[in-house]
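# Analysis of the macromolecular model
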Amino acid sequence: INTKYMVPKDKASKVINGYKNTKKKICIHETANWSYGADDERHAILQYNGNSRQASWHFTVDDDSIHQSFPLEAQCWASGTGKGNNEAIHIEMCVNSDNDYKKTVSNTAQLVAKLLKDLKLTINDVVQHNYYSGKDCPKEMRKVNAPIPWASFLQMVKGHLNTSGGTTVSNQKIEVDAVEGAAVWRIQSGKFKTKEEAIAAAKKTGLSYVTIKGTKQ
């Protein structure tokens, strides 16, 4: 996590409520800035220089890095409600045209898992911006044909929670459904070349029931 552009307190005071964030939720956003080059560093610099809008958030994530702009205690103006600003850590995911969105989501899942562990929160404490204000955000995840739906993102977070601790789920039921001569083995969290690799990954998802499908392609 890059902290080079942490917002100075004199500028921060203009776009946050203070430093008494209760840190009860992790709130996921998307920047909605599709401009070429609008990556995490560009957004971090925007905040560092004094955001022209009355808005602020803790982290910005893109496909190769993460920038933090405010300490976790900051009550950032990001949710559209006082409750959300005062109790949530806010993460913006980049959607710029030259960005790998799927990699950005993967990096965000890792960051969220780390924050959940550090703050002793659970997966139920991860919410969308929509949860607070009703805004259609994170928009890409909320689409009917989302490249990575919200439910899949939460499974990615769960996977990092389990793998980071080196634990697996006890009494887990794994069902294998394969065509004869399967060449690819799929579970909800990824695609694998062998059944053994798929089963190993399934044990780390945090799910109590996993179906693995084997297909020709």
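Details of the structure are given in the entry above.
Anyway, here's the lowdown on the structure attached to this text. (Residues numbered from 1 in each chain as written. Predicted model: local features only at pLDDT ≥ 70, side-chain atom pairs only at ≥ 80, totals over all residues. Heavy atoms only, no water.)

Once that is clear, we can look at the pattern of salt bridges. Applying the stated rule across the entire model yields 6 salt bridges. In this structure, the salt-bridge partner of lysine 25 is aspartate 125, at a minimum N-O distance of 3.6 Å. Pair noted here: lysine 25 is in strand E1 (residues 25-30) and aspartate 125 is in the loop between helix H4 (101-119) and strand E5 (126-128), with a separation of 100 residues, a long-range link. Considered together, lysine 25 and aspartate 125 belong to a single accessibility category, that of buried residues. Between aspartate 118 and lysine 114 there is a salt bridge, with its nearest N and O atoms 2.7 Å apart. Residue aspartate 118 and its partner lysine 114 are located together in helix H4, separated by 4 residues, close to a single helical turn. By relative accessible area, aspartate 118 is classed as partly exposed at 47%. Note on lysine 114: relative accessible area 44%, which makes it partly exposed. (Salt bridge = Lys/Arg side-chain N within 4 Å of Asp/Glu carboxyl O. Helix = DSSP H or I, 4+ residues; strand = E, 2+ residues; numbered from the N terminus. Buried < 20%, exposed > 50% of the residue type's maximum accessible area, 1.4 Å probe, protein only.)

The next subject is the layout of surface pockets. Empty space within the largest pocket amounts to approximately 370 Å³. Forming the boundary of the largest pocket are 22 residues, of which Glu30, Thr31, Arg53, Glu92 and Lys135 lie nearest the centre. Listing elements by their share of the lining of the largest pocket, those giving two or more residues are E1 and helix H2 (40-48). Here the lining of the largest pocket is built from residues that sort into 8 nonpolar, 8 polar and 6 charged. (1 Å grid on protein atoms, 1.4 Å probe; cavity = no way out; pocket = protein on both sides within 12 Å on 5 of 7 lines; lining within 4 Å. Points joined across faces, edges and corners; volume = space filled by probe spheres on them. Nonpolar A, V, L, I, M, F, W, Y, C, P; charged D, E, K, R; others polar.)

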